[in-house]
Structure formats: C-alpha cells, structure tokens
Amino acid sequence: MTAAQLPPVAPDVTATLVEDLSPRLRKRLDAAVTKLGARPARRDGDTVTIAVDEETDLRLHAPGGVVATADAITCGCLLAPACVHRAAAACAAPAADPAPGPAGQPAPAAPLPAPHTDGTAPAPEVASPAQRAAAEAVWSAAAAVLEAGVDGAGAVAQAALLRAAHTARLEHLPRAAGAALSVVTLLRAARAGDPSYRTADLVTALAEVLGTAHRVGTASGEELAAVRGRARRPYSPDGSLRLYGLFTEPVVTASGHGGARTWVAGADGRLCTVGDVAPGGVGRALGVADRAVRLGESALTHRELGRAGLAVSGATVSPDGRLGAGKGVRAVTARGAAWMEPPLAALWEVPPSEQAARALAATSRYGDPDGGGSDLLFLDVELLGAVRDPGGTCLLALCDGGIPVRLTVADDDPALAHRDNVMLLATAPGTRLRVIGRLVPAPHPRLALLACSHPTGEGTVDLGFDRLRRADLPAPAARVHPVPPGPGDRDAGSPLHLLERRVEQAVPGGRAALGMLGDLSAEARRLRTAGLPTAAGLLSALCDSAARRGRDPFGRLLPADTDGFATHWLSAARYVSAVSDSLCAAAWDAARAGTAAPDVLPAPA
C-alpha cells in the first residue's frame, strides 16, 4: 500500500485522531504507520479497505474524495475506536487541502475595520488577536519540527503542525496553512524514502511557514493582505482575448500526476496557459498532448494550439495566468503567428537581463504567491557544444549580449524527448536557434530548455514531445572556439555555500546536527574574507544557538530555546535565498571578459 492509494484526509481529522491517543499509543504511532503501509488495500467506490491482519479490516470512507470526519475512519479491532490503527491510517494518507468555506467556496476575508468618519485617514489594518494566536501556533509547531529534524519529526509532531494549519485556515490565514501542509507532505516523503524528495524543498517550505507566521504579527495594510494569502486563486473576468500559441510542455509531478500545459501569448505579450493535469504520470502526459483543450468550442489539441491561435470571449484568467474553462467561456480556432512575426517576435526583443529579473521575481522562493509573472525566457542563441557541469553534461550556448548560458534538460524521464533532443543539439555547434526556456536560479546563466525553432528554420519543436533526428540538423559548422564565461562562472566560487550547507544540515538532523559541529571559526573567516560579513555573523549565531544549553542550579540541562534557534535559522535561510537571487541576476547582466573559458567538450561523433 502507498500513500497515493489512500484518499486524502483533512488535517483536523488527523490531528484529532492523534490527540485522542493515549501517551502509550502515541509512542507506538510511527511504528504503526510503517506497519500499516505494508498491508494490502483495496478500493470500492468511495471506500478504501486495509487488511490490518487476517481478521481485522480498517476502512476509510471518502465521499467526494476526501476523508472529512474522524468517524469516516473505522477499525474492526477490539480496541476501536481508541486504537492506534485509525490514527496510523490518517497519518499514512496524504494531507488534504480542504475547501475553506461552506460548500467549497473560498473563505471570506477577515472583516475590515469600520471606516473613520472624522475626516482622518483610517489606521492600516492589522491582524486580529485570534489571527496572531493562530500564527504563533503555526510558528511553534514548525519550530518544533526544525528542532527535531526529519528523523525526529514523526506522526505526533506532524499532527501538531496539521492542527495549527487547520486553525490558521479557520482564522483566514490560508498562506500559513498551505505552507504548513507542504511541510507535512515533504516530511512524510523524506521519512518514507521517496526518491523525489529533496532537502532543499523542505528548507524552502520550512522557511516559508516560519517567515509567514512571523510576519502575521508585524504586518499591516497591503503587506498583511499578502501575508494572509488567498484561500483560492480567483479567476477574474478578462473580456475578449486574441491568443497566439507558443509551445506545449509535458507536466509530470512527483505525486504521480501527469498532463500537458500549453503556453499562449496575447496581442500585448501577456502569457497565459491552458492545462490538463490529473493522476496518471508520464503515460498520461504523452496521451493528453493529443487531446482537445478544455476551452470553449475549440477542437484543437494541446500540441496544435501550441502552433495555432484562439479567439476567446468571456475569458477568465487567474493571477498566475491560467485560463478558466467556465460555462461562459467561448473559444474558437484562429490563425496563429510564427515566432518571427508580431506579436510573438516582441517576446525575444526584451534584453536577457530584464527577462531574467522578471523571472527571478516570479520564482523567488519566498515571494508573494499571488504576484503572478512568468519564469520563461525567450532567447536567440548560438550553440557552442556540450559543457561539463557539476550536475552532468549540458549544452552551452551564447545569447545576445555575449552571455554564455547553460541549456539543461527540463525533465530526465526517458519516456520524454527532452534529454535526447538536448544531447542531439549539442552535436551541432554553430547552429543559431530561437529558444524558450525556464530560468534555473544559479550563480551563472542557466535555462531548462522547453522549446526551440526547428534547426532547418521551418516551424518549432516542443522539446518534451517532438523528437529531433540527425537529419534535422544543419551541416557541421566550423569549429567553435570557447568564449569567455559570464559573471556567474567567476561567482560560482563564492563561499556562500558554507552557510547554505549548515542551513540544509539542520533540516534532516535538527538542532543536534549543528550543535555537535564544534568550532566553525575558519568557515566564518572565509566568508568575511570573501566580503560576506553578514553571512559570517549568521553562521556563527546559528551554530552558537544550536550548541547553547543552559543549566539550572542543580546542573540539569534546561529546555532548549526552540524559538531562538528557529529565528536564527530563518534569518540564515532567507539571507542565502536573497544573495543567491542577487548572484543570479548579476550573472545575466552582461558577459565579463578575462576569466578562464568553460570546458567545452568536443562534439560527439
């Protein structure tokens, strides 16, 4: 049995079942979750049944797809309903993100203060006492997770964070609630050994939930509205749109979902997407690309839309550019435009540095989730060949402004065409292409390649779906000489990784992982020598906080300062993110001469 086979369980249900356990059963909960995960399960309509043993069944009833009440989980053992099995099943299942309002409607915004009538400007709105209390509960639960680390943050710690998330949602703090659910999901993936889990993702999620919870108590006005977040991304009316297809990309998620997303641009250059993603993995992604898009009366498939156009009336668009497919939307097929024609050609006329700055704002790890924007870059490049990289081999190209950019594989799944296409393009140095890629934040210009103009000059290539052949490549050009690297190659030696490593090290091992490191003054000196005194101070403060434990008059250890450690860790995590973004932006500003050339490999035979 896997978590994907179980229906999602509402956070408050999991928290209630764990809280109702006796202290003795709570100690056995993590082992029960592991044991239950090895038992067979079967689905019958809205009910999933797990065979606890040969004579006992556990049932999860999920009308509408979500287990919404504690009574919906039943067990046939003699200790039920006070047994450990019900709580174990809830902890093993995915955490649901329930509709925050009645009948699935978004939760209403917190009431605004009454307007002043004395002619003076009203004071900026601040969080209510209940919201501050809810945010403090989220902070405390997340700080306890950081204190314990992945290995120590078992089902009980996760349940406390789920309870805090539920309370935050009731108090109209959906951003904090959503971040808390993300932490729980990543914790479970880490403890289960999920191969898709990355420590960096949990670092980001923990810093987001701690930072959001902290800001609720200090923010006001528009900042408070951003910190609260939105219960759901609203689709707002956008009238009539004339859209031009750009490309289609496969979407395959770690949770087993698959599908396709087609990017289109309006006459003003604004980017929108039409997507179809559901459970099914890479197999579904390959099939959906040739299905009709879910938008009005259009009969275009996703791949056809990527090269055609649409005329849409009654359009609705979310802040992140997704086109709604409501009953009032009408869409008919229209003429598309080539990438070299207006209005699409204008996308490639924006300087690369401006595009990178816009994409960084859209992808910032701790930016406003409702800020919108796109992480795509539109570049004209000349291919130089394969280049060695710490993560493997990628394709080096030279874009306008003389900036060398590494073009990487967007998805390594062998069923998709990304890797084969990039490796084939690496054998054609000197080829000029118009490309679309997704910014990869790094101290050097880096792009995950998504689409390109066809090497023959006719049409475009969706690099995740279309497969290039050697016959599609132009005749070999003269040998391409290495070019001076961009600013990122010189900045790649920045010792910022010394602080980043300690920030990441705290997540799997908790406070203890840093508390036992000993003297780190050499690392702090190296940071100061490199012109990063703030990083040096943060490193020292973080490790000192991890090692600091006071004693009472009898020599017994006092409780650790969990809040202080979380505060120092959060400051270091946010600093690393800000400096990394600055290095990435600087790398795209202009090429620098006079440094060693990148190690360009000879083109494969």
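Residues numbered from 1 in each chain as written. Predicted model: local features only at pLDDT ≥ 70, side-chain atom pairs only at ≥ 80, totals over all residues. Heavy atoms only, no water.

Right, let's get into the overall build of the chain. The number of helices and strands found in the chain is 18 helices and 15 strands. Going through the 605 residues of the chain one by one, you find that 47% of them count as buried. Pairs at least 24 apart in sequence give 65% of the contacts found in the chain among residues at least 6 apart. Summed over all atoms, the accessible surface of the chain reaches about 27,400 Å², with 55% contributed by carbon and sulfur. (Helix = DSSP H or I, 4+ residues; strand = E, 2+ residues; numbered from the N terminus. Buried < 20%, exposed > 50% of the residue type's maximum accessible area, 1.4 Å probe, protein only. Contact = heavy atoms within 4.5 Å. Areas by Shrake-Rupley, 256 points an atom, 1.4 Å probe, with all protein chains shown as cover.)

Below, the discussion takes up the confidence of the model for the chain. The pLDDT averaged across the chain works out to 85; a share of 88% of its residues lies at or above 70. The low-confidence segment residues 99-117, where pLDDT is below 50, has 24 contacts with residues more than four positions distant or belonging to other chains. A low-confidence stretch, residues 483-492 stays under pLDDT 50, and its non-local contacts, those more than four residues away or across chains, total 35 contacts. (pLDDT = per-residue confidence, 0-100.)

On to helix α9 (residues 281-288), then. Residues of α9 that are buried: Gly-281, Arg-284, Ala-285 and Val-288. An end-on view of α9 places all buried positions within 105 degrees of arc, on one side of the element. Check the buried side of α9 and you find it contacts β5 (236-252), β6 (257-266), β7 (271-279) and α10 (302-305). (Arc of directions from axis to C-beta.)

Moving on, we get to the pattern of salt bridges. The final tally for this structure, using the stated rule, is 24 salt bridges. Of the charged contacts, one joins Arg-294 and Asp-276 as a salt bridge, the two residues approaching to 3.5 Å between their closest N and O atoms. Of this pair, Arg-294 sits in the loop between α9 and α10 while Asp-276 sits in strand β7, and the two are 18 residues apart along the sequence. Residue Arg-307 pairs with Asp-466 through a salt bridge whose shortest N-O separation is 2.8 Å. Pair noted here: Arg-307 is in the loop between α10 and β8 (309-317) and Asp-466 is in the loop between β15 (460-462) and α13 (487-491), with a separation of 159 residues, a long-range link. Looking at Arg-307, the relative accessible area reads 38%, which means it is partly exposed. Ionic contacts of the salt-bridge type, sharing partners, join the residues Asp-290, Arg-303, Arg-307, Asp-462 and Asp-466 into one network. (Salt bridge = Lys/Arg side-chain N within 4 Å of Asp/Glu carboxyl O.)

By the secondary structure assignment, Gln-158 is in helix α5 (residues 155-170). Look at Gln-158 and you get buried, because its relative accessible area is 5%. The spacing of Gln-158 and Thr-14 is 144 residues in sequence and 9.2 Å in space, taken between C-alpha atoms. Setting aside residues up to four positions removed in sequence, Gln-158 forms contacts with Ala-153, Val-184, Leu-187, Arg-188 and Arg-191.

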